[in-house]
Amino acid sequence: MVRHCPAARPRVKGVVLAGPSADEGTLKNPTHQYVLAAAIMGLGCSESAPPPTTAAGGSSPGGAGNGGAISSGGNSAPGGGMTSGGSGESGGAPGTGGNSGVGGFLSSAGTAGTTVSGGAAGTGGVSNGGASGAGRGQTGGAAGAGGSSVLGATPPMGWNSWNAYGCNGLNETVVKNMADAFVTTGMKDAGYEYVNLDDCWMDGRDSNGKLKWSASKFPSGIPALAAYIHGKGLKIGIYETPNTKTCAGIYGGYAPGVGSVGHETSDAQTFASWGIDYLKYDKCQGQLSAFAVMRDALKATGRPIFYSINPGDQGPFCTPTNCSLNLPTIANLWRIGFDISANWSEVIRLIDANKNQYSGAGPGHWNDPDMLEVGNGLNDTEGRAHFSMWAIMAAPLITGNDLTKMSAATKATLTNAEVIAVDQDPLGQQGRVVGTPGANLEVWSKVMSGTNKRAVALFNRGSTTSSIAVQFSQLGLPAGAASVRDLWAAKGLGLATGSYTATNVPSHSVVLLEIVSAP
Ligand code: GAL
């Protein structure tokens, strides 16, 4: 039974529009973080009985077969958005793609309710049904191993301006420098692609009602910035709200921050004409019903624009287990908690808010525990733990640090290929807690594509060094030996039978393993 949240609780206005100041107070960057009353820091509204075993996308004809279905193929949800065919753990049987109904935003697979067949899954492949010819009734499913036509088939990877630059720190030079850094630091090669402008890029509307960018912050204009970013093989994101003001407009008095409510069609077209690839749409006291309006407006542009929403604002948060919206049919990504900040208790708060939301996650539609704070004040051990947990939760990897000034350790964390591969696994399962072997100790497991393969996080949330054991029965693996690999150490640890114990796991750290049953 879902426990509904109490009515909206107060939020303390705290945004200050100046650049970073020396007076850091209790938050690392109080100049651009909203300060939340301590009383609402624990969201406390996402607990519920175990979520349904199929995603909100409905029943799951997609992807039967060895390794089981992901539930994105459903045909019973309103609009039935997903067209992902089955993605069996070992390739599985061909899945039947979802019924891509009217509301079927996410896959771009057609507006006409065309049933698409998922096609044969290659080994480990996500057989995404439905080519992106909207409404033409094309048969998808030829994707085979790893191929995909689903927008956001794996969680998005990129950078966003808010955590490091807030409102007044955002400008064209910062964004171009960041795009350059994607290339020079190896972030692009590691898979990061979206360079995202958050709030405070705009300057109201012109006399025709068209959105204007701030000419002082973006003298060359957003289209030129988009071209610059595209020229590097990257994509660009932007920010808006379903209200008359943006959040900085509401909470910080940023007058040029105008919202999109009532302007959805023209604003979506404006974004498409500028070359925008990603929209973060932040509730900011708007109406929940407005998220579908912008979804449809984006879809009508014909440009694939990844749709990231924050349907929570002041709370209660709208999550897969507690929302009137069927989130996977609305957006590619939805926030599940209040804004992160760069300290350990905040990382823990968002992990706890996200841990029971796994039913909503899958190719094209993900839970968002917020942007990364790696490199923004967490120590290196905590940064690796934060990154490990976002990876095992199939969370977006949207960095929030200054990429031009990363330490070697931060860069090594953010670009670790084996850890990123956990996040980006095409099966698209969100990991979940399978054991709590002690106070502040958790074992998380994420089913990976392939046969009998798991990513496993041995998570020491507490303040003392501890040993943590995983029993292979907790992972649903067959009895017998399994190979164990330490992903951060990039080292095989040999075969183990029945269980594996990591000794001396430091406080605030994660041992991230890949465990595969021996054939
Ligand atoms: C908040 C949002 C932040 C940031 C900010 C901008 O509502 O959670 O991530 O976008 O607004 O004003």
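Scroll up a little and you will see the structure.
Now for a quick tour of the structure. If you're wondering where the values come from, they're calculated on a predicted model, not measured in any experiment. (Residues numbered from 1 in each chain as written. Predicted model: local features only at pLDDT ≥ 70, side-chain atom pairs only at ≥ 80, totals over all residues. Heavy atoms only, no water.)

To continue, consider the state of the cysteines. Counted by the stated rule, this structure contains 3 disulfides. Covalent S-S linkage joins Cys247 and Cys284, the inter-sulfur distance amounting to 2.1 Å. When the S-S torsion is -115°, as for the bridge of Cys247 with Cys284, the disulfide is left-handed. Of this pair, Cys247 sits in helix α5 (residues 247-252) while Cys284 sits in the loop between β8 (278-282) and α7 (290-301), and the two are 37 residues apart along the sequence. Each member of the pair, Cys247 together with Cys284, is buried. Sulfur-sulfur distance for the disulfide between Cys318 and Cys323 comes to 1.6 Å. Between Cys318 and Cys323, the disulfide has an S-S torsion of -65° and is therefore left-handed. On the basis of relative accessible area, Cys318 is assigned to the buried category, the value being 3%. Judged by its relative accessible area of 22%, Cys323 is partly exposed. (Disulfide = S-S within 2.5 Å. Helix = DSSP H or I, 4+ residues; strand = E, 2+ residues; numbered from the N terminus. Buried < 20%, exposed > 50% of the residue type's maximum accessible area, 1.4 Å probe, protein only.)

On to the sheet that holds strand β10 (residues 333-335). A sheet is described by the order of its strands in space; here 8 strands give the open sequence β11-β10-β9-β8-β7-β4-β3-β12, paired in parallel fashion. The sheet terminates laterally at β11 (366-368) and β12 (397-399), the two strands that pair on one side only. The mean angle between the axes of side-by-side strands here comes to 25°, regardless of whether they run parallel or antiparallel. Sheet topology note: the β10/β11 ladder contains 3 bridges and is parallel. Pairing of Arg335 across the sheet is with Asp368, part of β11. (Pairing = 2+ DSSP bridges. Axes fitted to C-alpha atoms, helices over the stretch in contact; angles between N-to-C directions.)

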